[in-house]
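Chain and residue survey
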Amino acid sequence: MKEAAIFDISYPARLMTNETIYSPVAVSTRDFETVFKSHFKGLHAYACTIVKDENDAEDIVQNTFLKLWKKNELHKLDSVAAYLYKAVYNECLNFLKHQKVKQAYQNFAKNRMEQNDSAAYRANLKELQQRLDKAINELPQQCRTIFQMSRFEELKYMEIATRLGLSAKTVENQMGKALKLLRVKLVDFLPVLLILLTL
């Protein structure tokens, strides 16, 4: 199953209808403002259900709109709502991933008596984040999707199975595969990885 299927069932259907169709020309500031006002509240509520914090959700939605504005590709979208909800979903996952990595390394650093504001801490945290991003992106697609839903959305195996139309056993096997591959790729950060995977 393609990863995009996750988003198809996650979008509130009522926000996928009655969209303004933009002509293939540069979108004006007024048009963009209209899209922002039309979708911000729904996107914010959607992000809140994932990150569980209103301020973080607001930052995520604003960042999503900022990226869209910089791309200046609003007029190219077949469905503005579909694009925005998928983009916010991805931003939420990235946020949760960063938070978990940061927390795991803080726990590890505390045990090693390192200061959280030290140059060594920041450098190691950045390297860990980059290595983890690369390792996750290199996982097989289904394996990656299941891992992200489990670790960053904190869904139970049965919930993931229901969303993806798989058996709970398949989800369990794919998670085992993901963890095994990540341990191999992140062996240098194994103590931190073990903390991360148990958060």
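First, a word on what this report is: a plain description of the structure on this page. (Residues numbered from 1 in each chain as written. Predicted model: local features only at pLDDT ≥ 70, side-chain atom pairs only at ≥ 80, totals over all residues. Heavy atoms only, no water.)

A short note on the overall build of the chain
How we decide: Segments assigned H or I by DSSP are reported as helices when at least four residues long, segments assigned E as strands when at least two residues long, and all are numbered from the N terminus. Categorising residues by exposure relies on relative accessible area from a 1.4 Å probe, with only protein chains included: less than 20% of the type maximum marks a residue as buried, more than 50% marks it as exposed, and the intermediate range marks it as partly exposed. Throughout, a contact is declared for two residues whenever any of their heavy atoms are within 4.5 Å. Throughout, the Shrake-Rupley method with a 1.4 Å probe supplies accessible areas, and for residues the shown protein chains are the sole cover considered.
The number of helices and strands found in the chain is nine helices and zero strands. Shown N-terminal to C-terminal, the secondary structure of the chain runs as helices and strands in the order α-α-α-α-α-α-α-α-α. When burial is assessed residue by residue, the chain has 42% of its 199 residues classed as buried. By sequence separation, contacts in the chain at least 24 residues apart represent 69% of the contacts at least 6 residues apart. Entry remark: accessible area of the chain is about 11,500 Å², with carbon and sulfur atoms responsible for 52%.

So, helix H7 (residues 157–164)
Where we set the bar: Summarising the geometry, the arc corresponds to the directions from the helix axis toward the C-beta atoms.
When H7 is considered as a whole, its buried residues turn out to be Ile160, Ala161 and Leu164. Around the axis of H7, the buried residues are gathered within 100° of arc, so they sit on the same side. Summarising the geometry of H7, the exposed residues directed more than 90 degrees from the buried face are Met158 and Thr162.

Description of the packing of H7 against helix H8 (residues 168–185)
So the rule is basically this: Axis definition: a line fit to C-alpha positions, over the contact stretch in the case of helices; interaxial angles, taken between N-to-C directions, run 0 to 180 degrees. Small angles under 35 degrees read as roughly parallel and large ones over 145 as roughly antiparallel, with 65 to 115 read as roughly perpendicular and the rest as oblique. The crossing is said to be left-handed when, going from far helix to near helix, the turn is anticlockwise and less than a right angle, and right-handed when the turn is clockwise. Each residue gets one label: Ala, Val, Leu, Ile, Met, Phe, Trp, Tyr, Cys and Pro are nonpolar, Asp, Glu, Lys and Arg are charged, and the others, such as Gly, are polar.
Following both chains from N to C, one finds H7 and H8 inclined at 110°, their axes separated by 8 Å at the closest point. Looking at the two axes, H7 sits roughly perpendicular to H8. Pair H7 / H8 crosses with right-handed handedness. Contacts between H7 and H8 involve Tyr157, Met158, Ile160 and Ala161 from the first element and Ala168, Val171, Glu172 and Met175 from the second. Classifying every residue of the contact of H7 with H8 gives seven nonpolar, no polar and one charged.

Points about the packing of aromatic side chains
Under the convention used in this document: Aromatic pairing here means that ring centres of Phe, Tyr or Trp (its six-membered ring) are within 6.5 Å. Orientation follows from the plane angle: under 30 degrees is stacked, over 60 is edge-to-face, and everything else is tilted.
On inspection of all chains with the given rule, the structure shows three aromatic pairs. Between Phe36 and Phe40, the aromatic rings sit 5.1 Å apart at their centres with planes inclined by 35°, giving tilted as the arrangement. Here the residue Phe36 and the residue Phe40 both occupy positions in helix H2 (residues 29–51), the gap between them amounting to four residues, near one helical turn. Taken together, the aromatic side chains of Phe36, Phe40 and Phe65 make up a single cluster linked through ring pairs.

Remarks on a negative patch on the surface
Where we set the bar: The patches reported here contain residues having more than 30% relative accessible area and no salt bridge. Joining distances are 9 Å for like charges and 5 Å for nonpolar side chains (Val, Leu, Ile, Met, Phe, Trp, Tyr). The rule for a salt bridge is simple: a side-chain nitrogen of Lys or Arg has to be within 4 Å of a carboxyl oxygen of Asp or Glu. Positive residues here are Lys and Arg, negative ones are Asp and Glu, while His and the chain termini are left out of the count. Here the site of a charge means atom NZ of a Lys, CZ of an Arg, CG of an Asp or CD of a Glu.
Negative charge collects at one region of the surface, where Asp53, Glu54, Glu58 and Asp59 lie side by side. Within the fold, Asp53 resides in the loop between H2 and helix H3 (54–71). By relative accessible area, Asp53 is classed as partly exposed at 30%.

Some points on the state of the cysteines
Put simply, the rule is: By convention in this document, the label disulfide applies to cysteine sulfur atom pairs within 2.5 Å.
Under the defined criterion, the tally for this structure stands at zero disulfides. Free cysteine: Cys92, not disulfide-bonded; nearest cysteine sulfur from Cys48 at 8.7 Å. With a relative accessible area of 0%, Cys92 lands in the buried category.

Structural notes on the packing of helix H6 (residues 141–151) against H8
Two elements in contact, H6 and H8, have axes whose closest approach is 9 Å; the angle formed by their N-to-C orientations is 95°. With respect to H8, the element H6 is oriented roughly perpendicular. Side by side, H6 and H8 meet where Gln142, Cys143, Ile146, Phe147, Ser150 and Arg151 of the first sit next to Thr170, Val171, Gln174, Met175, Lys177, Ala178, Leu179 and Leu182 of the second. When grouped by side-chain class, the residues that make up the contact of H6 with H8 number eight nonpolar, four polar and two charged.

A short note on unusual backbone geometry
Backbone geometry places Lys52, a non-glycine residue, at a positive phi of 65°. With respect to the helices and strands, the residue Lys52 is situated in the loop between H2 and H3.

Topic: the pattern of salt bridges
Under the criterion given, the structure shown has five salt bridges. Salt-bridge contacts for Lys134 lead to Glu138; the nearest nitrogen and oxygen are separated by 2.5 Å. Linked by salt bridges that have partners in common, Lys134, Glu138 and Lys185 make up one network.

Let's talk about H2
Keep this limit in mind: We define the bend at each residue as the angle formed by axes fitted to the 7 residues ending at it and the 7 residues starting at it.
The axis of H2 is deflected most strongly, by about 45°, at His39. Taken together, the buried positions of H2 are occupied by Phe32, Val35, His39, Phe40, Gly42, Leu43, His44, Tyr46, Ala47, Cys48, Ile50 and Val51.

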